[in-house]
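Reading the structure
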Amino acid sequence: MAIPRGRTTYKKKDGMLTLTDDRNALIWTPMPATGPPTVSLALENIMNLQQTPDGAPKVILRVIEKPKATAAEGTAPSQFLFQFTSPSDARSEANAIRDLLSQLLAAARENDPNVPKPAGNGQPGADGAGASAAMSFASTVNAKAAPPKWFDDNLLKTDTELQQSLMQKDEGLARTYSDALALKPDSISEAAFGAQFWSTRVGLLRAHAIDLNQKKGAYNVLSTIKPRTEDGQFKLSISSEQISMILQQHPLLRRIYNENVPKLSESDFWSRFFLSKLSKKLRGERVTENDNADVVFDRYLDADNSFSFASKITATQKVPHIIDLEANEENQGGFKSGNRKDVEMRPRGNVPIIRTLNSLSEKIMANVAPSDPDPSAPDGLGDDTHTFDELTLRDLRGDVEASRIVLNVKEQNKFFSNQDGQSEEAKMYEQQVPSEVLFEVQADLETLDDDGSGGIDLRRGIGVDDDSDSDPDTKKARHVGSRAARKQAQDQILSGMRKKRSETHGIFNVGTDEDPSPMGIPPDIAQRCVLTNATTTEFLKQFWSAFLSGDPARVQELAYYAESLRRSSERIDVLTAEAEKVRQQVIIERKREIKEHYERTRKKLRWLPPKGGKDSVQALFEGTRTALDSALELYVSALGEAKNKG
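What you see is a predicted model, and the numbers here were worked out from it, not measured in a lab. (Residues numbered from 1 in each chain as written. Predicted model: local features only at pLDDT ≥ 70, side-chain atom pairs only at ≥ 80, totals over all residues. Heavy atoms only, no water.)

Details of the overall build of the protein
- Looking only at helices and strands, the protein features 23 helices and 10 strands.
- Across the 646 residues in the protein, those meeting the buried criterion constitute 29%.
- Put simply, of all contacts in the protein between residues at least 6 apart along the chain, 58% involve residues at least 24 apart.
- Accessible area of the protein: about 43700 Å², with a carbon and sulfur share of 52%. (Helix = DSSP H or I, 4+ residues; strand = E, 2+ residues; numbered from the N terminus. Buried < 20%, exposed > 50% of the residue type's maximum accessible area, 1.4 Å probe, protein only. Contact = heavy atoms within 4.5 Å. Areas by Shrake-Rupley, 256 points an atom, 1.4 Å probe, with all protein chains shown as cover.)

Here it is in structure tokens:
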């Protein structure tokens, strides 16, 4: 790689700043840069580098040199200020020299035991206090940058500003936090509660921190600027940031700007550019003969738009052969065969959309920090090893066995089974004798009616008589296949489907347009059910965290959480009673309406009992109730064992 050079001024004199051929010293030579250098700084004597930020009007690189060994104790380090004055692109020249210096200094001092390696970024010396406020650290070569805070769980759990920002964004999480905080035992401090609450939500905090620290990258600026004409006058709205990005993405336009401004004023230059053919070409639009002609910009229609363009990625890394398209083209020797390209892929002079977009995408991505490893890194692997690993079809390798943490809990069947909740039907089947059931089935098969063609009349066999005038609701001896049995089976299936749908969809859609009243529960009570379930789940998390920790110091805390679980159970009972009270009021109102309708019309309305009472709320909290009862039962059992041992 060629050694970068930059035109600079040092002590108000023009010169050229570069490195020696062996890359061991930084040298500055006065113009015309043909004589010996007047400033020579050995890399081993450079302490630090500083450079003005990208938005500063001047591009200045400050080099701080160590005091000489013969200097008196307490001597301040020497400083050298180089201002880059290149008319084409001073910023890119300064960045190239700074980046190369940073790499060389870091490599030279990495294994030096005499160089201190603090954990944080270094600070400038006291002598820099009077320097310009626009100066900032460009690269601290004596230390590695500290990792971002989102990699540290402890920092995330103690960052109150980040937590408040997350709760402002997530209203549901904020409600859960406020309700749980209001219902916490008085003996638990707010700080302890917050630590427990956020310890189970570190992932949410990390994702939110990464989201806040993301910055908007470069984009196609020209496509976002839309000139307009109002009352016969040309209107153009463009900011200084957009101008800077346009000049960075289009080196040709930067060259035209340097050659014609201040001959043309800033406003005239940009107004004429956006009306010219060159603007349409750089946008990728079709250029026609009817477009406005401009003597300034039409001269550059065929000029190269990659003038003085350099990629930071390819400047320090070589492209692996397996993805080097230019090398593949060169290896072909210019011989091309095969089918002719599609009409949309053939180059056309007046429609350069594909070539323009590809060129612009290359310029935008050229200065993006690479996420892939450096193929030339000295790790003992071949040049293309990393590239082969990245191109491997990992989907064909099969599923990798997950390494899970096994949680050993004694007598797990007590927590997840509901042995006392057998239905009446299950109890009835449990009392039957299998041999007697088989005998009855065989007897039924022998008495099946013949349909006259050698087959079996299944309808008559199961007791279906379409010609019967009897009332379907008449009580008869129930047998398999009867109307009553089929109706009962249908009711059971539909009831199970409605219950499952309400549990899986209705309770989670409370407050939306989909189902504000799951299982007929009034919307206000349903919303309270959602919040109660969320706070109860939070207390269950904290309870199991303390119970399974086995820490004797958390016994008092465990007792508080057990009391919170009892209060949660009481809150569910209160919701159940309120829902039943509302249902009874609806029943009274409905009966009154039916009575008034009968008195007016002498016609009876069909009575449909309203839902949404005690049974509906209990069905919603069935799983939560089971979890509460299991946790409290285990806590009481463990507490009794501890007292017996004591």
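Picking up where we left off.
Digging into the packing of helix α4 (residues 171-182) against helix α20 (residues 523-549)
- As a packed pair, α4 and α20 sit with axes 9 Å apart at the nearest point and diverge in direction by 70°. Considering the angle they form, α4 stands roughly perpendicular to α20. The chirality of how α4 crosses α20 is right-handed. Each of Arg175, Thr176, Asp179 and Ala180 in α4 lies in contact with α20, whose residues at this interface are Gln527, Leu531, Ala534, Thr535, Glu538 and Phe539.
- Partitioning the contact of α4 with α20 into residue classes produces four nonpolar, three polar and three charged. (Axes fitted to C-alpha atoms, helices over the stretch in contact; angles between N-to-C directions. Parallel < 35°, antiparallel > 145°, perpendicular 65-115°, else oblique. Left-handed = near helix turned anticlockwise from the far one by under 90°. Nonpolar A, V, L, I, M, F, W, Y, C, P; charged D, E, K, R; others polar.)

So, the packing of α4 against helix α5 (residues 190-199)
- Running from amino to carboxyl end, α4 crosses α5 at an angle of 140°, the nearest separation of the two axes being 11 Å. With respect to α5, the element α4 is oriented oblique. Where α4 crosses over α5, the two elements pack in a sense that is right-handed. Of the residues in α5, those touching α4 at Leu173, Thr176, Tyr177, Ala180 and Leu181 are Glu190, Phe193, Phe197 and Trp198.
- Grouping the constituent residues of the contact of α4 with α5 by class yields seven nonpolar, one polar and one charged.

A closer look at the packing of aromatic side chains
- All chains considered together, the criterion is met by 20 aromatic pairs.
- Measuring from ring centre to ring centre gives 6.1 Å for tryptophan 270 and phenylalanine 273, while their planes differ by 85°; the resulting arrangement is edge-to-face. Highlighted residues: tryptophan 270 and phenylalanine 273, both in helix α9 (residues 266-274), separated by three residues, approximately one helical turn.
- Of the residues examined, tryptophan 270 reaches a relative accessible area of 3% and is grouped as buried.
- Chaining the aromatic ring pairs together yields one cluster made of Tyr257, Phe269, Trp270, Phe273, Phe274 and Phe297.
- Lying over the aromatic face of phenylalanine 197, arginine 201 brings its terminal NZ or CZ to 4.0 Å of the ring centre. (Phe/Tyr/Trp six-rings, centres within 6.5 Å; stacked < 30°, edge-to-face > 60°. Lys NZ or Arg CZ within 6 Å of the ring centre and 35° of its normal.)

Remarks on the nonpolar core
- Membership of the largest hydrophobic core comes to 39 residues, with the highest contact counts inside it found for Leu156, Trp198, Phe543, Leu565 and Phe621.
- At the level of elements, α3 (160-169), α4, α5, α6 (202-212), α20, α21 (555-601), α22 (614-620) and α23 (622-645) are the ones that each hand at least two residues to this core.
- For leucine 565, the contacting residues outside a window of four places in its chain are Phe539, Leu540, Phe543, Leu628, Ala631 and Leu632.
- Core analysis: the second largest hydrophobic core is formed by 23 residues, Val221, Leu253, Tyr257 and Tyr300 among them. (Core = buried A, V, L, I, M, F, W, Y, C linked by side-chain atoms within 4.5 Å.)

Some details on the pattern of salt bridges
- Going through the model one piece at a time under the given rule, you end up with 16 salt bridges.
- Note that glutamate 563 and arginine 566 form a salt bridge whose closest N and O atoms lie 3.5 Å from each other. Note that glutamate 563 and arginine 566 are positioned in helix α21 at a spacing of three residues, about one turn of the helix.
- Residue classification places arginine 566 among the partly exposed residues on the basis of a relative accessible area of 31%.
- Sharing partners across several salt bridges, the network here consists of Glu589, Arg592 and Glu596. (Salt bridge = Lys/Arg side-chain N within 4 Å of Asp/Glu carboxyl O.)

Structural notes on the pairing of strand β7 (residues 78-84)
- As paired elements, strand β1 (residues 6-10) and β7 share two bridges and run antiparallel to each other. Looking across to β7, one finds that threonine 9 is bridged to glutamine 83.
- Relative to β7, strand β6 (residues 60-65) runs antiparallel, the two being bridged by six bridges. Residue pairing for β7: isoleucine 64 is matched across the bridge by glutamine 79. (Pairing = 2+ DSSP bridges.)

Overview of the confidence of the model for the protein
- Averaged over all residues, the pLDDT of the protein equals 75, while 74% of them reach at least 70.
- When the criterion is pLDDT under 50, residues 378-382 qualifies, and its contacts beyond four places in sequence or with other chains add up to two contacts.
- Low pLDDT (under 50) marks residues 506-514, which in the prediction has 18 contacts with non-local residues, meaning those over four places away or in another chain. (pLDDT = per-residue confidence, 0-100.)

Focus on α9
- Along α9, the positions that sit buried rather than exposed are Phe269, Trp270, Phe273 and Phe274. Around the axis of α9, the buried residues are gathered within 115° of arc, so they sit on the same side.
- Check the buried side of α9 and you find it contacts β10 (233-235), α7 (240-249), α8 (251-260) and α10 (277-283). (Arc of directions from axis to C-beta.)

Thoughts on unusual backbone geometry
- One non-glycine residue, arginine 602, lies in positive phi territory at about 60°.
- The residue arginine 602 is located in the loop between α21 and α22 in this model.

Describing the pairing of strand β3 (residues 25-30)
- Counting buried positions over the six residues of β3 gives five, a clear majority of the element.
- Bridge analysis of strand β2 (residues 13-19) against β3 gives five bridges, and the strand direction is antiparallel. Across the sheet, residue leucine 19 finds its bridge partner in β3, namely leucine 26.
- Between the antiparallel neighbours β2 and β3 lie five residues, among them arginine 23 with a positive phi of about 60°.
- Note that β3 and strand β4 (residues 39-42) share four bridges and pair antiparallel. Across the sheet, leucine 26 pairs through a bridge with leucine 41, a residue of β4.

So, the environment of lysine 603
- Positionally, lysine 603 belongs in the loop between α21 and α22.
- The class of lysine 603 is exposed, set by a relative accessible area of 56%.
- If near-sequence neighbours (up to four positions away) are discounted, lysine 603 is found in contact with His597 and Tyr598.

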